[in-house]
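Examining the three-dimensional arrangement
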Amino acid sequence: MGEWEHIQEGYEPSLQARRETLTTLGNGYVATRGAWCNASADGIHYPGTYLAGGYGRLRSQIDDHEIENEDLVNLPNWLVLVLRLDDGPWLTPAVISITEYRQVLSLRDGYLSRMIRIAAPDGRKLQLQEERLVSMDDPHIAAIKLTVTPEGWSGRATLRSAIDGGVTNAGVPRYAALASRHLRTLETVALDAETVLLRTQIEQSRREIVLAARTRLFAGHMSLNAARTVVHLPDLVAQDIALELADGRPVSIEKVVAIHTERDTATSEPRLAAVDTLARAGDVATLRAAHSEAWADLWSACSIEIQASGDADVQATLNLHLFHLLQTVSVHSVDLDIGIPPRGWTGEAYRGHIMWDELFIFPFLSLRQPVLARALLLYRYRRLGAARRAAREAGLRGAMFPWQSGSDGREESQRIHLNPVSGRWVPDVSSRQRHIGAAVAFNVWQHWEVTRDREFLHDYGAELMFSIAQFFSSLARWEAREERFSIAGVMGPDEFHTGTPDAKPGTETGLTDNAYTNAMVSWLMARALDVLAVLPPDRAEALCRRLRIDAEERRRWDDISRTLALPIMEGGIIAQFRGYEALAEFDWEGYEARYGAIERLDRILENEGANPNAYRLSKQADVLMLFYLFSAEELDEIFRRLGYAFEPSMIFSNIHYYIARTSHGSTLSWITHAWVMARADRSRSWALFRKALDSDVSDLQGGTTREGIHLGAMAGTIDMVQRCWTGLEPRANVLTLNPCLPHEVDRLRTTVRYRGHTLDIEVTQELLRVSSRPFTEHPITIAYRGHVREMSPGQHFEFALVGPRESDRRAKAHDRAALTQHDRAKVEHGADAVLPVTEEASTEPLDEALTDHTRDPR
């Protein structure tokens, strides 16, 4: 990879689906996977085009279960450009021989090109040069240019340019037994000599989608006329175009496509809109110029620059991650009423549902493109009605947001799912992850802290937070024996633990007092009361009256925030949930020796007939999510509000404890652990960050990238660079920065938007520079380790960074214990064993590293 090019050399069938995911092109409205224009779904290649928020629902019969799933629908394949020589076979990947292959994704302008040299079955050779874009300028336009050059022969050929509406959802092998045909073709027609149109409908939602394609031929800059035959096949419309090819003389085919749906804004009717859009579209060169200009504006606003000694791939891969985030949601997404899914719009994993991964994505958007963050939060607000109905059906108040959300906000989590290891369908109880509501509230509050968008808080945000607080208030129960509130029947982010060790599959009743959930609820209750104080009195009164929030309910919120149970074990280890200390230690080394890759221990254990609920193991960070989301000072406030002692040393003790018991079955886990270790063990943090950075490029999850990028992990790596390494925290009306670059990074440049200011931030190992671009806006307050500055637009400040003190390092060595090379070592010696200290742990005083950067400088 170059910094701005993602290059793939050589054709490897086993890598093709992953490459198609990574080279998906999109614009926030529609996205198309990087499949070849002559390929169909064949187990190696998988063409896929997805509309942002384009869902459809189907029923399937699995054994004696009828289940219903809502999927992100694979739309008609507009890419189809396929050749045949004379009357030979169509030159698809199945019949050609590939002698040379090179593919380049240009990140600067979102342009994909590939060069393939092939041999037909009769031995004749051709060079195929393919280029494509999905326009960031006009969200309804996509285009492809195919240049065909015969090598060593001349003769007759036929080109088929088609729109194929006969596609199904077949991108995830685990879903193969489920119903997958969502589309019903309504119309196929040739509009004129150059243009065909296909009108289709998503069966369940009745959402109409129209694609119109114009195909033109060129020899150099000269337009070519050729005989064309319109072909109508079931669910497909095409033009077969007669070509006369001459040795060494290229012929270019330009195919421009317009895509519209009946729900587009400023649209009367999608068929008319598609025809009109296509009529106004220029040639590929013209479209590329406008597209490139739109991308240039995006990069100008959103780029991050890193100078990493001897590791150029870091910048290149970070650019790839930024590219995918910027094309998943864009200015074209604002009016679409969509969320942001864990896999973007690049594949069918998780069916395109909206989950908690937005917790890792929103920080970047709020600090760079707040209009997008606001629009995505409105996706949640518009589904408050569904969340309230779900709460009522569960006998609760307020709003119970679903773990997986789709079109209308109902719970979309599966009731059963396929374990690909055992081949069995097993119950799925992941919908018990009620912490999703706290994540929504967290995103609302962080958006408020960054933007001070009073209108959003007034009209939408406050109601979201109050409704979620009501839900958790009704979920919490007073335990007289403990003299504390308790929350039962939930799951934490871990996902391996669904109930008690003796619970049979399908009968799990959830966990009691999951620490992450309870700490988040305590924080939520306190913030909901803060919002109540921030609102104008008349708005606060009206909202409380409408939501039936009286003085007694508000007192209950305060009581819950102060007396919710937080299970803590010996040595300051926060128990993941009540009863965790009674679980058995797991044989990590034995399972690693037997299975190698053990990230998905739940599947391995189910295949063996064992129960993950019986062991101290985690799929991903659970307790440690608290240290990811909250600073040491905030955690101190939460703990002390709850009546528990908190010491900064607890942070590393808990990191130490839980990382030894985590399988990292989610790409989010690597970024979470990298973040929480960034100031205590920089070398280890860097290694975990690099792993998260490479998770999709190297497909570290063992085949999952083909099903879609891991957008949460991608955004997490971006956010780690932007917030964690700069120590950026908006809190208490102060933007605090306390940089802590990895040793491998020499310089970092980034730009953020904070309360109307555009701030350019530069960090080296010795210096922090902050500049506010000229604009008309009120001053803001920034701070570095107690050095407070009021900053007006146009001002610039520099801070000399404080280094570690050797005396502090020696004095606090016992608090800076680091992980051994083998994470599981302490498990062999019992739960309370202590790992030895490593040199890396002495990079800086732990208490300063974990607290100073969040101290209110006022």
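It should be noted that the structure appears before, not after, this text.
Summary of the structure given here. (Residues numbered from 1 in each chain as written. Predicted model: local features only at pLDDT ≥ 70, side-chain atom pairs only at ≥ 80, totals over all residues. Heavy atoms only, no water.)

**Concerning the sheet that holds strand 28 (residues 767–772)**
- As summarised here, the arrangement of the 5 strands in space is 19-26-27-28-31, forming an open sheet in which the pairing is antiparallel. This sheet does not close on itself; its edge strands, each paired only once, are strand 19 (305–308) and strand 31 (796–800). Neighbour-to-neighbour, the strand axes of this sheet turn through a mean angle of 15 degrees, independent of strand direction.
- Here strand 26 (residues 745–754) runs beside strand 27 (residues 757–764); their pairing, made up of 8 bridges, is antiparallel. The partner of leucine 748 across the bridge, within strand 27, is valine 763. (Pairing = 2+ DSSP bridges. Helix = DSSP H or I, 4+ residues; strand = E, 2+ residues; numbered from the N terminus. Axes fitted to C-alpha atoms, helices over the stretch in contact; angles between N-to-C directions.)

**Thoughts on the packing of aromatic side chains**
- Using the criterion set out here, one finds 30 aromatic pairs in the structure.
- Their ring planes at 85 degrees and their centres at 5.8 Å tell us that phenylalanine 442 and phenylalanine 630 sit as a pair that is edge-to-face. Of the two residues, phenylalanine 442 sits in helix 8 (residues 435–451) while phenylalanine 630 sits in the loop between helix 15 (625–629) and helix 16 (632–642), which places them 188 residues apart along the sequence.
- Given a relative accessible area of 6%, phenylalanine 442 falls into the buried group.
- Taken together, the ring pairs in this structure connect Trp356, Phe360, Trp403, Tyr628 and Trp675 into an aromatic cluster.
- In this arrangement the basic side chain of arginine 288 is found over the ring face of tyrosine 111, its NZ or CZ atom lying 3.5 Å from the centre.
- Between arginine 661 and the ring centre of tyrosine 657, over which it is positioned, the NZ or CZ distance is 3.7 Å. (Phe/Tyr/Trp six-rings, centres within 6.5 Å; stacked < 30°, edge-to-face > 60°. Buried < 20%, exposed > 50% of the residue type's maximum accessible area, 1.4 Å probe, protein only. Lys NZ or Arg CZ within 6 Å of the ring centre and 35° of its normal.)

**Regarding the environment of arginine 117**
- Mapped onto the elements of the fold, arginine 117 is located in strand 8 (residues 111–119).
- Sequence separation between arginine 117 and glutamate 151 is 34 residues; the distance between their C-alpha atoms is 9.4 Å.
- Excluding its chain neighbours within four sequence positions, the residues that come into contact with arginine 117 are Ser97, Ile98, Thr99, Glu100, Leu126, Gln127 and Glu151.
- For arginine 117, the side chain forms a polar contact with the side chain of glutamine 127, separated by 2.8 Å. (Contact = heavy atoms within 4.5 Å. Polar contact = N/O pair within 3.5 Å; in protein donor to acceptor, adjacent residues only side chain to side chain.)

**Observations regarding the pairing of strand 12 (residues 183–190)**
- Direction of pairing for strand 12 relative to strand 13 (residues 195–202): antiparallel, over a ladder of 7 bridges. For arginine 184, the partnering residue across the bridge sits in strand 13 and is glutamine 201.
- In textbook terms, the turn of a hairpin is the stretch between consecutive antiparallel strands, and for strand 12 and strand 13 this stretch comprises 4 residues.

**Section: helix 18 (residues 667–676)**
- Counting buried residues along helix 18, 10 of its 10 residues qualify, which places the element largely inside the surrounding structure.
- For helix 18, the complete set of buried residues consists of Thr667, Leu668, Ser669, Trp670, Ile671, Thr672, His673, Ala674, Trp675 and Val676.
- For helix 18, the elements touching its buried residues are helix 5 (358–368), helix 15, helix 17 (649–659), helix 19 (682–693) and helix 20 (711–724).
- The backbone nitrogen of leucine 668 lies 3.1 Å from a side-chain oxygen of the residue at the head of helix 18, namely serine 666.

**Observations regarding the side chain of glutamate 412**
- Its place among the elements puts glutamate 412 in the loop between helix 7 (384–393) and strand 20 (416–419).
- Beyond its immediate stretch of four places on either side in the chain, glutamate 412 contacts Arg57, Glu70, His353, Gln404, Ser405 and Gly406.

**Brief notes about the nonpolar core**
- In terms of nonpolar packing, the biggest core is built from 225 residues, with Leu126, Ile306, Phe466, Phe472, Phe689 and Trp725 touching the most fellow members.
- With near-sequence residues (within four places) excluded, phenylalanine 472 lies in contact with Arg434, Gly437, Ala438, Ile487, Thr517, Val521, Leu524 and Met525.
- Among the nonpolar cores identified, the runner-up in size contains 14 residues, and Ala143, Ala274, Leu278 and Ala281 belong to it. (Core = buried A, V, L, I, M, F, W, Y, C linked by side-chain atoms within 4.5 Å.)

**Some words on the packing of helix 9 (residues 454–475) against helix 12 (residues 551–563)**
- Between helix 9 and helix 12, the least distance of the axes is 10 Å, while the angle of their chain directions is 70 degrees. On the basis of their axis angle, the class for helix 9 and helix 12 is roughly perpendicular. The segment helix 9 lies against helix 12, with Phe466, Ala469, Gln470 and Ser473 engaging Glu553, Arg556, Trp557 and Ile560.
- Here the contact of helix 9 with helix 12 is composed, by residue class, of 4 nonpolar, 2 polar and 2 charged. (Parallel < 35°, antiparallel > 145°, perpendicular 65-115°, else oblique. Nonpolar A, V, L, I, M, F, W, Y, C, P; charged D, E, K, R; others polar.)

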